[in-house]
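So the chains spell out like this:
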Amino acid sequence: MDLFLQFLANGLVQGMFYALSALGLTLIFGLMRVVNFAHGEFYMMGGLLGWYVTSRLGLDFFTGLVLVTLVMAAFGWLVDRLLIERVRHLGEEPGILLTIGLSIFLVNTAMLIVGTAPEKVAGPVGNAPLIFGPIVLTKLRLFAVGCCAAAIVAAHLLIRKTRLGRAMRATFQDPMAARLAGINTARVYASTFALGTTLAAISGMLLGSIYVVQVSVGGVVSLKAFVVVILGGMGSFAGAIVGGLVLGIAEAMWGGYLSTGLVDIVGFVIVILTLIFRPYGLFSTRAERA
Amino acid sequence: MKFERNALFAFVALAALFPLLVRDQYLLHIGIMFLFYAVLGTSLNLVMGYVGEFSLGQTAFLGIGAYTAALLSQDFGLPLWATIPAAGLVSAVFGLAIGAVTLRLQGPFFVIVTLAFSEVLRLIANNWVSLTNGPMGIAGIAQPAFLSHESPLFAKTLYFYLMLAIVALSLYLSYRFVYSAIGRAAVTVRENRYVAQSVGIRPFRYAMIAFVLGALLAGMAGGFYAHYISVVDSEIFGFSFVATMIIVVLVGGKGTLVGPLVGSLLVTLLEEYLRDAKELRLSIFGLVVMAIVLFLPNGLMGFLARRREQYVASESPPQQVAATVTRTAA
């Protein structure tokens, strides 16, 4: 039982990171309909930039986080304006190919610059264990989960309460009507893409402070984010969070009780089952099936 | 149709002459890899170019074929002539099973689930140590026995012709598929699913035929690869093969039979020229993919076809019919 609680706690922690990175993808894939295969690479860039600013430039964690956020937001904005914009009206396939090309380019360019060695982001708090009854967590993990939650709340407020957020919601309901109402939809698309990119990057930097970040991590991260988005329902905020937690817990249980080698298989089994039995996902905002 | 058929014949004939003119192991190896990628491209093109669904899981079949051939050769001592067809067949059976699940989905969901399947297979290959020897892979796959008395050059030549036979078979099967009622039905599904359904075409059925045929071809290529390289590990399910296949199909032009051949030639040459810088090469590949999507969405063959149409149209306006005929031919 104690072991079970420990697995549960580990799963929840891991699930928060899945949720954060999937939140970025649910904006890009669920709302913008860009099947973004470079999402994991955005995560990887966040982690590596985080390592660079904390270890090489010697900034403290929070300044570094702000810097990474700004750089990645600008990067996401540029990717949308320079690449995605050109294929927006052409359906899904060009977007898929474009982001696959982008992902190949980013991975290998990063490999040229940084190399394949795993790097660690310098964390803001120590790695001392905290003991809650039967559960042991480290201070750093709790801190990172707190950051995750803060980022999720901030993104939620951005979309629900600000002028830009209202413009986003209008654009994704009906782009034509939004344009007629005077919304600059091109800018809204770019901002949404930038927001999605930033969320992935923050997730990468936080997780990089707990584990390590590696150039080759992107593919698995992309796939897991897709798993969570499909499980939660396209474009659903709550779905991304619940889906992330479900995936995190399922993996922790599988790894704890069955086998650690095949942990990554859980996500793929979940996505295949979801698409067969519940193609709308758990919380789809639109009645839209896969 | 005629252009495509003649081009394919000319290609196979030229390729058959290649080992007679070139007596160099390295060049023969490049030739073999070119033919190998041509088969992979053709196999992906059946699904991507003719049904219009984008499969990221084609390496699943490549890997299944390679492992089948490796295991049959290692555990049962079957010779190469038996293992390669068996690899194709096993892979086709898997195609039937995977297609039954994945082809119910379309668009991005199909893409993600096919990718998920190949990842699952990669993980299984890595973890089912008693069958696949795990991450170590299966090494020392048997070469045909009589080759041990012959020169390496002769072995390369033999492998070249073997691969060429697989290419010829692939092109023949694809040609028969594309220019049959089945192929036309598949193209109808690609162009407009609802119209296809309204005239009584079941998209699932035709997509399945293309998918299984693609699996068969990729499986045979995988079987060949296992014998030729003589090592199989789980990397064969990895993303780098998918990326290469996509580029082969895209550069050449999807939805044409000649396209993957052209694409394969360019990719093989580019790969050899940039061999010294591995990451740089892949970076350039990524840029190439993006550039093609943005500037040459129909690949080289699509570009040439359009130029020819424009040329014909501007040369002799009354022969508008000829232009249309050319378009259907290409």
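Residues numbered from 1 in each chain as written. Chains lettered and ligands numbered in written order. Predicted model: local features only at pLDDT ≥ 70, side-chain atom pairs only at ≥ 80, totals over all residues.

1. Thoughts on the overall build of chain A
Phase 1 of the analysis: Per the secondary structure count, chain A includes 11 helices and two strands.
Phase 2 of the analysis: For chain A, the N- to C-terminal ordering of α and β elements is α-α-α-α-β-β-α-α-α-α-α-α-α.
Phase 3 of the analysis: Its C-alpha radius of gyration of 19 Å places chain A within 12% of the 19 Å reference for a compact globule of 290 residues.
Phase 4 of the analysis: Considered along the principal axes of its C-alpha atoms, chain A spans approximately 60 × 50 × 35 Å.
Phase 5 of the analysis: Out of the 290 residues belonging to chain A, those deemed buried represent 52%.
Phase 6 of the analysis: Once local pairs closer than 6 in sequence are excluded, the contacts in chain A between residues at least 24 apart make up 76%. (Helix = DSSP H or I, 4+ residues; strand = E, 2+ residues; numbered from the N terminus. Rg over C-alpha atoms; globule rule 2.2 N^0.38 Å. Buried ≥ 20, exposed ≤ 12 C-beta atoms within 10 Å, placed from the backbone. Contact = placed C-beta atoms within 7 Å.)

2. Things to note about the overall build of chain B
Phase 1 of the analysis: The helix and strand inventory of chain B stands at 15 helices and two strands.
Phase 2 of the analysis: Relative to the compact-globule value of 20 Å for 330 residues, chain B shows a C-alpha radius of gyration of 20 Å, a close match.
Phase 3 of the analysis: For the C-alpha atoms alone, the extent of chain B along its principal axes is close to 65 × 45 × 35 Å.
Phase 4 of the analysis: Looking at the 330 residues of chain B, the share that counts as buried comes to 49%.
Phase 5 of the analysis: A sequence separation of at least 24 residues applies to 76% of the contacts in chain B between residues at least 6 apart.

3. A look at the interface of chain B and chain A
Phase 1 of the analysis: Chain B puts 31 residues into the contact, and the matching count from chain A is 31 residues.
Phase 2 of the analysis: Only helix 5 (107-127), helix 11 (239-252) and helix 13 (278-295) of chain B provide two or more residues apiece to the side of chain B that touches chain A.
Phase 3 of the analysis: Among the elements that line the side of chain B that touches chain A, the one with the most residues is helix 5 of chain B, at 12 residues.

4. Describing the nonpolar core
Phase 1 of the analysis: Within the largest apolar cluster, 201 residues are counted, with the highest numbers of intra-cluster contacts made by A:Val271, B:Ala221 and B:Val289.
Phase 2 of the analysis: No other element matches helix 10 (residues 203-229) of chain B, which puts 16 residues into this core.
Phase 3 of the analysis: Residues within four places of A:Val271 in sequence aside, it is in contact with A:Val227, A:Ile230, A:Leu231, B:Ile112, B:Val113 and B:Ala116. (Core = buried A, V, L, I, M, F, W, Y, C linked by C-beta atoms within 7 Å.)

5. Considerations on the pairing of strand 2 (residues 135-138) of chain A
Residues and elements named next belong to chain A.
Phase 1 of the analysis: Bridge analysis of strand 1 (residues 129-132) against strand 2 gives four bridges, and the strand direction is antiparallel. The residue of strand 2 that forms the bridge with isoleucine 131 is valine 136.
Phase 2 of the analysis: Between strand 1 and strand 2, which pair antiparallel in sequence order, lie two residues; one of them, glycine 133, sits at a positive phi of approximately 55°. (Pairing = 2+ DSSP bridges.)

6. What to know about helix 2 (residues 39-56) of chain A
Phase 1 of the analysis: Its 18 residues give helix 2 of chain A an end-to-end C-alpha distance of 25 Å, which sits within 8% of 26 Å, the value for a rise of 1.5 Å per residue.
Phase 2 of the analysis: The positive-phi residue at the C-terminal boundary of helix 2 of chain A is A:Gly58, with phi of around 75°. (Expected span 1.5 Å × (residues − 1).)

7. Some words on the packing of helix 3 (residues 61-87) of chain A against helix 8 (residues 185-210) of chain A
Residue and element names in this part refer to chain A.
Phase 1 of the analysis: Where helix 3 contacts helix 8, the two axes come as close as 7 Å, and the packing angle between them is 135°. Between helix 3 and helix 8, the crossing angle belongs to the class labelled oblique. The interaxial crossing formed by helix 3 with helix 8 has right-handed handedness.
Phase 2 of the analysis: Considering only residue class, the contact of helix 3 with helix 8 consists of 16 nonpolar, five polar and three charged. (Axes fitted to C-alpha atoms, helices over the stretch in contact; angles between N-to-C directions. Parallel < 35°, antiparallel > 145°, perpendicular 65-115°, else oblique. Left-handed = near helix turned anticlockwise from the far one by under 90°. Nonpolar A, V, L, I, M, F, W, Y, C, P; charged D, E, K, R; others polar.)

8. Overview of helix 5 of chain B
Phase 1 of the analysis: With 21 residues, helix 5 of chain B extends 31 Å from end C-alpha to end C-alpha; this agrees with the ideal 30 Å at 1.5 Å per step.
Phase 2 of the analysis: With 17 of 21 residues buried, helix 5 of chain B is to be regarded as a mostly interior element.

9. Let's talk about the confidence of the model for chain B
Residue and element names in this part refer to chain B.
Phase 1 of the analysis: Here chain B averages 85 in pLDDT, while 95% of its residues score no lower than 70.
Phase 2 of the analysis: Mean pLDDT per element in chain B: helix 15 (residues 320-329) is the minimum at 49, and helix 10 is the maximum at 92.
Phase 3 of the analysis: Counting contacts from residues 321-326, a segment whose pLDDT is below 50, to residues more than four positions away or on other chains yields seven contacts. (pLDDT = per-residue confidence, 0-100.)

10. Looking at the packing of helix 7 (residues 152-178) of chain B against helix 10 of chain B
All names here are of chain B.
Phase 1 of the analysis: In contact at an axis separation of 11 Å, helix 7 and helix 10 are set at 175° when each is read in the N-to-C sense. As judged from the angle between their axes, helix 7 and helix 10 are roughly antiparallel. Along the contact surface, helix 7 presents Tyr159, Leu162, Met163, Ile166, Ser170, Leu173 and Phe177, while helix 10 presents Leu213, Leu217, Met220, Ala221, Phe224 and Tyr228.
Phase 2 of the analysis: Its residues assigned to classes, the contact of helix 7 with helix 10 comprises 12 nonpolar, one polar and no charged.

11. Focus: the environment of B:Arg184
All names here are of chain B.
Phase 1 of the analysis: Structurally, the position occupied by arginine 184 is in helix 8 (residues 181-191).
Phase 2 of the analysis: With 14 C-beta atoms packed within 10 Å, arginine 184 lands in the partly exposed category.
Phase 3 of the analysis: Distance in space between the C-alpha atoms of arginine 184 and tyrosine 206 is 9.6 Å, their sequence separation being 22 residues.

12. Regarding unusual backbone geometry
Phase 1 of the analysis: One non-glycine residue, A:Arg33, lies in the positive phi region at around 65°.
Phase 2 of the analysis: Positionally, A:Arg33 belongs in the loop between helix 1 (2-31) and helix 2.
Phase 3 of the analysis: Phi angles above zero are rare outside glycine, and B:Ser230 is one such case at about 70°.
Phase 4 of the analysis: With respect to the helices and strands, the residue B:Ser230 is situated in the loop between helix 10 and strand 2 (231-232).
Phase 5 of the analysis: Note on B:Ser230: 15 C-beta atoms within 10 Å, which makes it partly exposed.

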